[in-house]
Amino acid sequence: MHGPPAGWDASEVIGIAWEIFKRHWAVLFGAAFLVSVIAAIPGYVTSAVQAALELEPGTPEYAGLQVVGSVFNNVVALFFSVGQIRLYLQAARGQTPEFGVLFSGMDRFGSVLLAGFVGGILILLGMVLLIVPGIILSCGLFVASYFVVDHGEGGIDALKKSWEVTNGHKTNIFVFSLLSGLVVLAGCFACFVGIFAGEAVVGVATAIIFLRLTGEQTRAPAVWGAE
């Protein structure tokens, strides 16, 4: 069911996401952990090659390998971000999240890559302009990747749609970002592995925000409090 975008509170959304996480913790935690491990592989390979070749920090060869490793790391993370978004949306809609969707990112990878690249440049330019414009842009483009994955939008159209639906909600999104940082930080202190739980909670909370911004209601009263 769809309707006008509903109001929302950052702490309330995180609370709902926590309740959802407790219900599906094995899949959500496992997905966050697996993605972190796989995304770290390019970095380990880069370090191993640098050590094998006895490259010294500061040399062009060392820096070049660092760049290659970083690029591969980001590509892997972006690929899995599509599956993670689908996983978080399933949970946010009151459905049972399926671990298999984590590997379903190829169909939307190009558009997510484009949205991330263009959005990243815009945010970087905004940060250069006294930081505040960058923060505003970051909040305005907050759900662009969700439009790509869930609505099938192209990269540029997704950026535009995200900017439109976040109109009037950017302050809430900024507060949510701050609280999300605290959630992940708290996870770091929980025997470190809690960071994966924190990432999963933030991911589900972001999916909930996307659904509210686009006016979607769920039939699961435990999630939205409404039939």
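Structure report, in brief.

Moving on, we get to a nonpolar patch on the surface. Together, Ile41, Val45, Val49 and Leu53 make up a nonpolar patch on the protein surface, roughly 330 Å² of accessible area in all. If you trace the backbone, isoleucine 41 turns up in helix α2 (residues 25-52).

On to the environment of histidine 24. Within the secondary structure, histidine 24 sits in the loop between α1 (10-23) and α2. Here histidine 24 falls in the buried class, since its relative accessible area comes to 16%. Measuring from C-alpha to C-alpha, the distance between histidine 24 and proline 97 comes to 7.4 Å, with 73 residues separating the pair along the chain.

If you trace the backbone, glycine 30 turns up in helix α2. Through-space distance from the C-alpha of glycine 30 to that of valine 13 is 22 Å; in sequence the pair is 17 residues apart. Among all residues touching glycine 30, those that are not within four sequence positions of it are Trp25 and Phe99.

Where helix α4 (residues 109-128) meets helix α7 (residues 155-165), the closest approach of the two axes is 7 Å, and the angle between their N-to-C directions is 60°. Regarding the angle of α4 to α7, the classification is oblique. Here α4 and α7 pass one another in a crossing that is right-handed. Residues Ser111, Leu114, Ala115, Val118 and Gly119 of α4 form the contact with α7, whose own contacting residues are Gly155, Ile156 and Leu159.

So, on to unusual backbone geometry. For glutamate 54, which is not glycine, the phi dihedral falls at a positive 55°. In this fold, glutamate 54 is placed in the loop between α2 and α3 (60-92). For glutamate 54, a relative accessible area of 66% gives the class exposed.

Time to look at the packing of helix α5 (residues 132-140) against helix α8 (residues 170-189). As a packed pair, α5 and α8 sit with axes 9 Å apart at the nearest point and diverge in direction by 95°. Classified by the angle their axes make, α5 and α8 are roughly perpendicular. Between α5, through Ile135, Ile136, Cys139 and Gly140, and α8, the contact on the second element is made entirely by Lys170, Ile173 and Phe174. Split into classes, the residues belonging to the contact of α5 with α8 amount to five nonpolar, one polar and one charged.

What follows covers the packing of aromatic side chains. Tallied over the full model, the rule gives nine aromatic pairs. Their ring planes at 80° and their centres at 5.9 Å tell us that phenylalanine 142 and phenylalanine 176 sit as a pair that is edge-to-face. Note that phenylalanine 142 is positioned in the loop between α5 and α6 (144-151) and phenylalanine 176 in helix α8, a separation of 34 residues in sequence. Through a chain of ring-to-ring contacts, three or more aromatic side chains come together here, namely Phe79, Phe80, Phe99 and Phe103. Positioned over the ring face of tryptophan 163 is lysine 170, at 4.2 Å from the centre of the ring.

Quick notes on the rules
Position numbers for residues count from 1 along each chain, tracking the sequence in the order it is written. Where totals are concerned, whole chains, interfaces and linings use all residues; where local detail is concerned, this predicted model gives features only for residues with pLDDT of at least 70, and gives and counts side-chain atom pairs only at 80 or more. Neither water nor hydrogens contribute to the side-chain values; these are computed over all heavy atoms in the structure. Patches here are clusters of residues that have more than 30% relative accessible area and form no salt bridge, with a 9 Å joining cutoff for like charges and a 5 Å cutoff for nonpolar side chains (Val, Leu, Ile, Met, Phe, Trp, Tyr). Using a 1.4 Å probe, the Shrake-Rupley method yields the accessible areas, and only the shown protein chains count as cover for residues. Between Lys or Arg on one side and Asp or Glu on the other, a salt bridge is scored when a side-chain nitrogen of the former is within 4 Å of a carboxyl oxygen of the latter. A run of DSSP states H or I qualifies as a helix once it reaches four residues; a run of E qualifies as a strand once it reaches two. Both are numbered from the N-terminal end. Classification of residues uses two cut-offs on accessible area relative to the type maximum, computed with a 1.4 Å probe and protein chains only: under 20% is buried, over 50% is exposed, and between them is partly exposed. What makes two residues a contact is simply this: any of their non-hydrogen atoms within 4.5 Å. Note on geometry: axes are lines fitted to C-alpha atoms, helical ones only across the stretch in contact, with angles between N-to-C directions running from 0 to 180 degrees. Orientation is classified from the angle alone, with under 35 degrees giving roughly parallel, over 145 giving roughly antiparallel, 65 to 115 giving roughly perpendicular, and any other angle giving oblique. Each crossing is labelled by how the near helix is turned from the far one, with a counterclockwise turn of less than a right angle marking it left-handed and a clockwise turn marking it right-handed. Any residue outside Ala, Val, Leu, Ile, Met, Phe, Trp, Tyr, Cys, Pro, Asp, Glu, Lys and Arg is labelled polar, Gly included; the first ten of those are nonpolar and the last four are charged. Within 6.5 Å between ring centres, the rings of Phe, Tyr and Trp (the latter by its six-membered ring) count as paired, and their orientation is classed by plane angle as stacked under 30 degrees, edge-to-face over 60, tilted in between. Look at NZ for Lys and CZ for Arg. If either is within 6 Å of the ring centre and within 35 degrees of the ring normal, a charge sits over the ring.

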